[in-house]
Amino acid sequence: MTARGQSVAALAGGVAALLGVVGCAIVDPAAAGTGWLVGFVFWAQILVGSLSLMMIHRLTSGGWGEIIAPVTEPSAAAIPLLLLLAVPIFVAIPALYPWAQRPLTVKPDVLSLYLNRPAFVVRSLVALAGWSALAFFLPRAAGGRGQLLAALGLAFHAVIISSVSIDWYLSIEAPFTSSSFGASVAITSLVAALAWATMWMPAPDDEPAIGDVGALLLATILGITYIDFMAVLVIWYGDLPREEAWFVARSHLPWTALAGAAFALGSLIPTLVLLQSRVRNQRRPLRVVGIITLVGIAANDAYLIAPARGVAALPSALLAVIGMGLIIISVTSFLARSGAPRLFAWGPSDVR
Amino acid sequence: MTMALTIPAERTAGPERWTLPEARSLEAVNAIVAAPLLERSSWSWRAWWIGLCVSLAATMAFLVTVFLVFDRGIGIWGVNSTVVWGFAIADYVWWIGIGNAGTLISSMLLLMRQSWRASTNRFAEAMTLFAATIAGIFPIVHLGRPIYFYWLTPYPNTMHLWPQWRSALIWDFWAILSYILFSILFWYVGLIPDFATMRDRAQTRAPAIFYGALALGWCGSSRQWHVYEKLHLALACLGVPLVVSLHSVVGMDFAASLMPGWQETIFPPYFVVGAMYSGFAMVLCLAALVRWGFRMQGLITTAHFDVMAKVMLAASIIMGLSYATEWFNAWYGGQHADRSLVAFEFAGHYAPMFWALLLCNVVIPQAFWSSAIRSNVIAVFVISVIINIGMWLERILIIWNTLSHDYLPSAWRMFLPTVWDWLLTFGSLGLFALMFLLFVRIIPVVSMHEVRKLVAEGQSP
Amino acid sequence: MTQLLLAEFTDQRRFVEAARRGRDAQYRVVEVYTPYPLEELHDELSHRESRIRPVMFVGGVLTAALAYGLEYYSAAINYPYNSGGRPLDAWPAFMLVPFATGILVAAVCGFATFLFEARLPYLSNPLFAADGYGGATQDRFVLAIECPQDGDDRSAVTKRLSDFGAISIQQVEP
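Residues numbered from 1 in each chain as written. Chains lettered and ligands numbered in written order. Predicted model: local features only at pLDDT ≥ 70, side-chain atom pairs only at ≥ 80, totals over all residues. Heavy atoms only, no water.

Identification of chain C as Quinol:cytochrome c oxidoreductase membrane protein from Bradyrhizobium macuxiense is taken from an unreviewed UniProt entry.

Spelled out as structure tokens, the structure:
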């Protein structure tokens with residue numbers, strides 16, 4: 001099949017999967033909306049994480065950024081697609097987020113100033129538009145201007161991701177909050193983008209910077225393991241009812257199994273495997289690690305969001321993750337045809 | 001496991017950026033570093049003697065205060081029945097924070113292949129060691145019944161008692177102990193080749209024997225260098241997680257509680273960043289002093305100040321964002337105690353100090369956006385001192401605000417420091433200065449073999 | 001045991017070449033002494049692979065397991081004590097002590113292996129008495145060569161080393 005044919009097939013499959021989610025919405029709109037949200041945040045992490053990696057690389061340089069650039073640049077350029085994918089979430093807010101019904105558990109001033117539909121939509125739009133603008137302008141700004149843009153962009157990113165991570169993930173169980181959650185999502189997005197890049201990067205097998213990408217993946221995975229363990233430890237230690245409730249809702253099957261899968265696939269296995277320099281320095285084993293890690297991150301996203309709506313959200317979450325992925329891959333490969341490096345075509349024949 | 005992270009390839013061509021021409025030969029590096037220690041007659045130590053006298057006096061004040069605390073009890077401080085933690089704990093957190101930058105500079109920058117660390121890591125590691133040692137004194141002084149401090153260890157005893165492993169204070173003990181011993185080892189390993197250089201440069205017998213014994217018979221064979229590099233890199237890989245875990249445990253000392261403003265999941269990582277921030281600031285202060293005192297302008301250049309100022313700028317933004325996250329979460333979570341605490345921080349009894357802390361830690365460091373300020377040694381020194389003051393204010397305010405304003409309004413009390421609080425704090429600075437001054441008199445203050453390697457990279461094609 | 005020739009160089013590039021070309025030039029390089037690590041020569045000298053990392057790994061993991069075992073024994077078996085309804089084997093709280101002590105002991109094991117493999121301490125190394133040696137810890141590069149028994153061979157080797165750029169050549173007892 002030609003690359004174009006593959007892209008069309010992927011697009012068709014993606015649309016079909018998302019139509020499946022819409023079909024679920026007829027039966028159970030809240031569960032389908034939750035599934036859609038899981039798919040949305042998973043892909044948002046990959047695309048926005050790619051943008052963060054580009055900005056970090058602008059400030060720090062290094063061979064690792066150059067070999068993943070053919071993946072991170074088209075991925076970041078696809079961020080505007082998230083604006084489209086976010087529309088169903090904006091529509092489904094009343095079904096999706098309990099705070100839309102103005103419950104008594106949330107303070108009235110928080111409801112009127114922060115947790116309401118217009119404010120939620122505005123914050124999401126500011127975040128997505130800001131990231132899209134950065135992804136557009138960063139490749140076009142060179143030298144000192146590019147570095148300044150990257151520094152300011154990282155500052156913007158740090159602020160806005162702290163806010164939308166609470167909006168998209170935690171506010172579904174408002175007023176539960178955790179002050180390290182923004183940092184957790186920001187670092188998870190780096191892991192996701194690095195894992196994504198290891199899957200597709202078109203580097204020759206003897207490229208020395210591959211080991212740096214592997215080491216960065218290991219470092220970020222250790223970072224996220226650390227941040228999340230500390231959060232669990234603090235909440236476990238405090239044992240306060242308002243915080244424990246979030247864990248109690250996840251203390252039975254299938255959520256315990258999902259947590260185990262997220263930890264094993266997203267942290268434990270990649271760490272043990274990446275500790276060996278043989279794996280870190282080679283493209284093919286690294287690609288396998290990347291795929292395993294991404295499955296772990298998807299499980300983690302489902303664990304964070306889905307329990308609010310029950311098991312019924314999981315099938316549509318799976319459909320949404322696959323559907324959005326196929327659409328994003330095909331669109332980036334269409335984009336790639338107009339000059340940017342191709343993302344969708346990889347394999348030994350494409351090694352530069 | 002190394003990764004090239006921070007410096008663009010065209011600028012890494014190390015020696016041109018990180019040394020001045022007068023320091024660009026192997027012998028020049030050795031001479032600059034070793035001469036003050038081995039050719040004493042040609043060096044004036046007047047400033048050193050003045051510093052030594054001042055720091056000895058301050059150390060005496062520290063010792064007198066510690067003696068008084070042991071004799072009279074912690075009642076001589078400003079602590080009271082509500083604000084049970086005071087300067088001793090703030091000083092502890094502040095010093096342990098400073099005590100992390102040496103390991104970070106050595107380990108993290110080594111893993112990131114940042115060759116510029118070569119001329120700063122030695123005194124940064126020394127700083128780590130002394131700061132961590134001083135930090136280790138404070139919890140014992142603060143114990144109230146310090147004679148029982150060994151109860152923190154599990155040892156066979158007739159009382160059939162065990163340490164309470166679930167307590168963050170026990171984790172603290174093990175983390176500090178491990179960290180100090182690890183830091184000594186890491187520091188000593190890096191020193192062995194330099195002791196050998198000193199041994200072979202010594203003109204008289206006494207220094208030759210002294211440095212020779214410390215060098216253990218190092219001969220610089222390729223076999224020795226090979227195992228040395230293996231060990232040094234492996235220690236660096238272990239150093240980063242150890243330092244992160246240590247400062248997280250310090251954060252857990254607060255977060256493992258039910259107090260408003262302390263029971264925060266962000267505390268462990270935020271303490272790590274804060275520690276890196278104050279530690280880098282202290283390294284910059286010491287770098288400016290070492291550069292001036294030992295005429296090392298050729299080895300510690302404005303480029304070093306520039307790059308470390310950038311790191312501090314990033315850290316100041318993260319610190320500002322962490323503060324804002326805490327305030328936002330207090331409001332968003334909607335708990336009355338949390339919201340009331342934030343209001344107390346901004347407008348309560350300690351508000352002027354709180355605003356000063358924000359000024360020192362978040363506002364003033366924004367000057368580092370300017371490259372002219374980043375490469376002005378005096379400006380960087382002044383801002384680093386300001387950051388260190390700001391970080392000390394942060395540590396004392398974390399304690400004061402929460403303890404002065406917890407759940408029960410009838411228990412709200414303020415902390416009024418006594419002269420012994422201040423003497424303990426400034427005295428510890430004197431003890432630090434004393435140890436550092438003795439260090440620079442005896443031990444090569446810059447890692448000669450690492451700078452030699454840096455310089456050699458510029459000579460070979 | 002055979003005697004050694006110590007050849008001293010000032011130029012790193014010519015020194016590396018002299019060390020590498022030893023086989024063609026019919027002399028055997030026993031060891032090199034340099035003021036900073038030259039990894040490219042390590043492979044030439046066919047030293048045994050260092051065991052530092054495996055030793056550190058085993059030492060660290062065993063210590064961590066021992067520390068956790070101690071916590072478990074004391075808190076769950078020997079002195080079970082209900083603290084705020086937490087489980088006796090409170091694993092989240094028991095993680096940090098094994099972590100810190102594991103890293104410390106791994107470092108100590110690494111240091112011990114380093115001393116063993118680097119053959120330190122060795123304060124009375126006869127090398128230190130040789131005239132040409134002292135620069136190797138400062139700015140000179142020293143090549144130690146197995147000294148040929150035959151006087152003619154010896155002068156041939158000496159000649160070749162001088163051609164490579166050796167500034168002095170000393171004969172020492174190992």
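A. Spatial organisation of unusual backbone geometry. The linkage connecting Ala174 of chain A with the following residue, Pro175 of chain A, adopts the cis geometry, with an omega of 5 degrees. Looking at the secondary structure, you find Pro175 of chain A in the loop between helix 7 (143–168) and helix 8 (181–200). Note that the residue after Leu120 of chain C, namely Pro121 of chain C, is joined by a cis bond; omega there is -10 degrees. Structurally, the position occupied by Pro121 of chain C is in the loop between helix 4 (96–117) and strand 3 (141–146). Of note, the phi angle at Asp239 of chain A is positive, near 55 degrees, even though the residue is not glycine. Of note, Asp239 of chain A is situated in the loop between helix 9 (209–238) and helix 10 (241–248). Even without glycine at this site, Arg119 of chain C takes up a positive phi of about 55 degrees. You can see Arg119 of chain C is positioned in the loop between helix 4 and strand 3. (Helix = DSSP H or I, 4+ residues; strand = E, 2+ residues; numbered from the N terminus.)

B. Layout of the interface of chain C and chain B. Opposite the 64 residues of chain C that make contact, chain B presents 58 residues. Inspection of the region where chain C meets chain B yields 1 salt bridge. Here Glu49 of chain C makes a salt bridge to Lys230 of chain B, at a shortest N to O gap of 3.9 Å. On inspection of chain C and its partner chain B, the count reaches 19 residue pairs in polar contact (both at pLDDT 80 or more). At 15 residues, the largest contribution of residues to the side of chain C that touches chain B is made by helix 4 of chain C. The class makeup of the residues in the side of chain C that touches chain B is 39 nonpolar, 14 polar and 11 charged. (Contact = heavy atoms within 4.5 Å. Salt bridge = Lys/Arg side-chain N within 4 Å of Asp/Glu carboxyl O. Polar contact = N/O pair within 3.5 Å; in protein donor to acceptor, adjacent residues only side chain to side chain. Nonpolar A, V, L, I, M, F, W, Y, C, P; charged D, E, K, R; others polar.)

C. View of the packing of aromatic side chains. Residue and element names in this part refer to chain A. By the definition in use, this model includes 75 aromatic pairs over all chains. Between the aromatic rings of Trp99 and Phe120, the centroid separation amounts to 5.7 Å while the plane-to-plane angle is 40 degrees, which identifies the pairing as tilted. With Trp99 in the loop between helix 4 (79–96) and helix 5 (108–113) and Phe120 in helix 6 (residues 117–137), this pair connects stretches of sequence that are 21 residues apart. With relative accessibility at 2%, the residue Trp99 sits in the buried group. (Phe/Tyr/Trp six-rings, centres within 6.5 Å; stacked < 30°, edge-to-face > 60°. Buried < 20%, exposed > 50% of the residue type's maximum accessible area, 1.4 Å probe, protein only.)

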